[in-house]
2 protein chains.
Amino acid sequence: MSVDAPPPSVADLFQTLLPSANTASLRDSVIPSLLQGIADIAQALRGAQHVARAGTANTFGDEQLNVDVVAENHVRQALERCPSVSTASSEEDPVERAVRPISPAQGEQYTAAFDPLDGSSIIAPNWTVGTIIGIWAGASALHALPSTSQICAILGVYGPRTTAIIALRLPSGPSHCIELGFTDSSGTWEIIRPSVSLTLPSEIKTRYFAPANLRAASEDPRYMALVTSYISQRYTLRYSGGLVPDIVHTLVKGHGIYLSPVTAGSKAKLRRLYELCPLALVVECAGGRAVDPANGTEVLARPVVDCNETAGLVCGTAGEVDVAISALLGAVN
Amino acid sequence: MSVDAPPPSVADLFQTLLPSANTASLRDSVIPSLLQGIADIAQALRGAQHVARAGTANTFGDEQLNVDVVAENHVRQALERCPSVSTASSEEDPVERAVRPISPAQGEQYTAAFDPLDGSSIIAPNWTVGTIIGIWAGASALHALPSTSQICAILGVYGPRTTAIIALRLPSGPSHCIELGFTDSSGTWEIIRPSVSLTLPSEIKTRYFAPANLRAASEDPRYMALVTSYISQRYTLRYSGGLVPDIVHTLVKGHGIYLSPVTAGSKAKLRRLYELCPLALVVECAGGRAVDPANGTEVLARPVVDCNETAGLVCGTAGEVDVAISALLGAVN
C-alpha cells in the first residue's frame with residue numbers, strides 16, 4: 001500500500017527557498033507577517049458591505065474608500081511586527097518613513113513599498129481586488145537599482161478565495177514565484193502552485209490579452225492596430241481593470257499580455273514604486289518580461305527617484321511583450 | 001438629538017415588496033432558502049484552494065470542476081427546503097425533474113432553472129464568479145412566455161464579499177431590483193441597494209462596455225467596428241469573462257453595455273434557460289434592455305422550448321442597447 005507523503009507546509013517551502021541565515025528574518029518574520037496582514041485585509045473586506053467614502057483624499061487625488069484605510073492599517077501593523085523592516089511608504093502615504101531604527105550590526109534591513117488596496121473602482125461591483133507589496137534590501141527603495149535591490153514582492157488576491165503570489169530574487173540565488181491560498185477554517189496558508197510559470201510549452205491552447213488604458217488607443221493608432229490584431233488572431237479578452245487580478249490571471253493561466261501604454265491624453269497612472277516594480281518582479285520571477293512602453297526597457301532597469309513617479313506597463317509572456325513593444329514603438333502606418 | 005431609524009431588514013423589505021398572501025411562499029421560503037444556498041456556496045468556495053477536476057463532464061462538454069458539483073448540490077438542497085417548488089433543472093443537469101408533487105389546491109407552485117456556478121474559466125485565477133437562478137410560475141419553465149412566467153431571478157456574486165441581486169416582476173405589480181450583501185460574522189443578509197437602476201441621469205461620467213465573444217469580431221466587421229467605436233469614444237473597458245460579474249458591474253455602476261453576438265465561427269454558448277432569461281429579467285427590472293443580437297427582439301419575448309437552447313446577448317442601458325443593435329444588424333460598410 002502506497003502512502004502519499006504529506007504536502008510540504010508553507011514554512012517548509014520557505015526554509016527550502018531561503019536556507020541562509022542572512023535571510024532568516026525575511027523568511028521567518030517579514031513574509032509570514034505580511035501574509036497574516038493579507039489574511040486580515042481579506043477578513044475586513046468580507047464585512048465591508050457598505051463601502052462608504054472616508055471623506056479624505058490621498059495625495060494622488062483618488063477617492064479614498066474606508067477599506068483603503070483599513071487595508072493600509074493592516075499592512076502597517078504587519079510591518080511593525082518585523083524587526084528587520086526599517087522603512088516603509090505606501091501609495092496612500094507616499095513618503096518613506098522610519099518604522100524603527102536598525103543598527104548596521106543587526107544584519108538584515110528592509111524597506112517596504114506597498115499599495116494596500118489596488119482596484120478601488122471595482123470594489124463596489126464586488127470584483128476581485130488586491131494588495132501589492134515590494135520588499136527592498138536596505139534603508140530605502142529610492143535611487144537603488146530595482147532589479148537587484150527589490151528582493152521580494154507579494155500580491156494579495158481577494159476574490160472568492162484569498163490567495164497570494166510571492167516572488168523571490170535574492171542576489172545570490174535563483175528566482176522563485178509561488179502561489180499560496182488561505183483557508184479560513186484552519187487559519188493557515190497552504191501551497192497551491194510551488195512554481196508559477198509564464199514559460200509554458202509553446203502549444204498553448206488559449207492566448208489572453210488585457211488592454212488597459214484603452215482610451216489611449218483612441219489617440220495612438222499603433223495601440224488601436226495592436227488591439228485589433230489580437231482580436232483578429234482570436235486572442236481571448238480578460239480585463240478586469242484591477243492590476244492584481246489582471247496580472248494574476250496571466251500567471252495562473254500560464255500565458256498573457258497586459259498592456260498599459262501612455263499617450264498625451266491618457267496619462268500614466270501606475271506608480272513605479274508601489275505598483276510597477278513589485279509587479280515586474282513577480283512577472284520576471286515567473287519567466288516573463290515587464291517593460292516600459294515608452295522605450296521598451298525593463299521596468300526594473302531604472303531606479304525610482306521619487307515616490308510619486310508614474311509610467312506605463314507592458315508585461316507578460318516574454319514573446320508577447322516583444323511583439324507588443326515592436327508594434328507600439330514602430331512607425332505609424 | 002436625532003436618532004437614525006434602524007435600516008430595514010431584508011425580511012421587512014420583502015414583506016413590503018411581496019405583501020400578497022399569493023406570494024407568501026416565494027417571499028418566506030423560496031427567496032430566503034436560495035439566499036442561504038448562495039451563502040453556503042460562498043463558504044464552500046473559500047476553502048476550495050485546490051480546484052481539482054471532478055473527472056466528469058456535463059452534457060455541454062465543459063470541463064466540470066469539483067466546485068460546480070458542490071454549488072449544484074447547495075442549490076438543490078435549498079430548493080428541497082421550499083414546499084412550493086415542484087420542478088427544477090440546471091445547466092449541469094439540463095432536464096426538468098420533479099422536486100416534489102404539488103396539488104393544485106396548494107396555491108403557489110414554482111419551477112427553478114439555474115446555473116449553479118457560472119465562470120469556470122476564471123475560478124483558478126480567483127476572479128469573481130456567480131450563480132444564476134430563475135424562478136418561474138407553474139410546473140415548467142418550458143413553452144411559457146418568459147416575460148410573464150419568470151417572476152424572479154437571483155444572482156449570487158462571489159468576490160471579496162458575498163453579494164446577491166434579486167429581481168422581482170409579478171404579473172400584478174411593479175418591477176424591483178435590489179442588491180443584498182451577506183456578512184459572515186453575523187450570518188445574515190443586509191440591504192446594500194434597495195433599488196438598482198440602469199436609468200441614471202444622462203450626465204453619467206463614465207460609460208462602460210463589455211465585449212464578450214470577441215472572437216466574433218474577427219469574422220463580423222460590424223462587431224469590430226462597434227468595438228472600435230467604443231474605444232474611439234473613450235468608453236471604459238471592463239470584461240471579466242464571467243456573466244454574473246460583468247452584468248453586476250453594469251448594474252452597480254448604473255451604466256454599461258454587454259455584448260455577446262454570434263457568428264458562424266463563434267457559436268452561441270449562452271443557455272437561454274439557465275443564463276439568458278434570468279439575466280434578462282434582472283436587467284429589465286433595473287430599467288435596462290436585454291435582446292437577442294440575431295434579430296434585436298427581447299430575450300424574454302420568446303418561450304424556451306428546449307433546456308439546451310443557446311443564443312447571443314446584448315444587454316444593459318436601454319439607449320446603449322439600441323445603438324449596439326443598430327450597428328450589429330446594420331449593413332456591412
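Please read these numbers as outputs of a predicted model, since none were measured by experiment. Every chain begins its residue count from 1, and numbering advances along the sequence as written. Both sets of labels track the order of writing: A upward for chains, 1 upward for ligands. Reporting of local features is limited, given that this is a predicted model, to residues whose pLDDT is at least 70; pairs of side-chain atoms are given and counted only at 80 or more, and all residues count toward the totals for whole chains, interfaces and linings. Values reported for side chains reflect all heavy atoms of the structure, with hydrogen atoms and water molecules removed beforehand.

*Asks:* Honestly, the packing of helix H2 (residues 24–46) of chain B against helix H3 (residues 66–80) of chain B in this entry has me stumped. Any pointers?
*Replies:* Each packed pair of helices is defined by two parameters, the angle between the axes and the distance between the axes. All names here are of chain B. Where H2 meets H3, the closest approach of the two axes is 8 Å, and the angle between their N-to-C directions is 155 degrees. Between H2 and H3, the angle is such that the two are roughly antiparallel. In the packing of H2 onto H3, the handedness of the crossing is right-handed. Of the residues in H3, those in contact with Ser33, Leu34, Gly37, Asp40, Ile41, Ala44 and Leu45 of H2 are Val67, Val70, Ala71, His74, Val75, Ala78 and Leu79. We call Asp, Glu, Lys and Arg charged. Ala, Val, Leu, Ile, Met, Phe, Trp, Tyr, Cys and Pro are nonpolar, and the rest, Gly among them, are polar. Of the residues contributing to the contact of H2 with H3, the split by class is 10 nonpolar, 3 polar and 1 charged. Only the stretch in contact is used when fitting a helix axis, every axis being a line fitted to C-alpha atoms; angles between N-to-C directions are given from 0 to 180 degrees. Numbering goes from the N terminus for both helices and strands, where a helix is a DSSP run of H or I of at least four residues and a strand is a run of E of at least two. Under this scheme an angle from 65 to 115 degrees is roughly perpendicular, one under 35 degrees roughly parallel, and one over 145 degrees roughly antiparallel; angles in between are oblique. Each helix crossing is assigned a hand: it is left-handed if the near helix lies turned anticlockwise from the far helix by less than a right angle, otherwise right-handed if that turn is clockwise. A contact between two residues is defined here by any heavy atoms of the two lying within 4.5 Å.

*Asks:* Honestly, the interface of chain B and chain A in this entry has me stumped. Any pointers?
*Replies:* When the parts come together, some accessible area is lost, and that loss is often what is quoted as the size of the interface. Listed by partner, the interface residues are 60 residues for chain B and 60 residues for chain A. Summed over both partners, buried area is the accessible surface (1.4 Å probe) that two parts give up on being assembled. Buried area between chain B and chain A, both sides added, is near 5,000 Å², and the carbon and sulfur share of it is 54%. By salt bridge we mean one thing: a side-chain nitrogen of Lys or Arg within 4 Å of a carboxyl oxygen of Asp or Glu. Joining chain B to chain A, the criterion identifies 2 salt bridges. The salt bridge involving Arg234 of chain A is made with Glu219 of chain B; its shortest N-O contact spans 3.0 Å. Whenever a nitrogen or oxygen atom comes within 3.5 Å of another N or O atom, the pair is scored as a polar contact, on the condition that within protein one atom can donate a hydrogen and the other can accept it, and that pairs from neighbouring residues in sequence are kept only if both atoms are in side chains. For the pair chain B and chain A, the interface holds 37 residue pairs in polar contact (both at pLDDT 80 or more). Examining the composition of the side of chain B that touches chain A, we find that 6 residues originate from one element, helix H6 (residues 243–253) of chain B, more than from any other. Residues belonging to the side of chain B that touches chain A are distributed by class as follows: 28 nonpolar, 20 polar and 12 charged.

*Asks:* Please clarify how the sheet that holds strand E4 (residues 93–98) of chain A should be interpreted in this entry.
*Replies:* Two strands in a sheet stick together by hydrogen bonds in their backbones, pointing the same way (parallel) or opposite ways (antiparallel). All names here are of chain A. Across the sheet, which stays open at both edges, the 8 strands sit in the order E4-E3-E5-E6-E7-E8-E9-E10 with mixed pairing between neighbours. Of all the strands in the sheet, the pair left with one neighbour each is E4 and strand E10 (188–193). Adjacent strand axes in the sheet meet at a mean angle of 20 degrees, parallel and antiparallel pairs treated alike. Sheet strands touched by helix H1 (residues 10–17): strand E8 (162–169), strand E9 (175–183) and E10. Its angle to E9, the strand with the most contacts, is close to 170 degrees. Each of strand E3 (85–90), E4, strand E5 (110–118), strand E6 (129–137), strand E7 (150–158), E8 and E9 is contacted by helix H7 (residues 272–285), which is oriented at about 100 degrees to E7, the strand it contacts most. By definition, two strands form a pair when at least two bridges between them are found by DSSP.

Geometric values such as these leave the question of function open.
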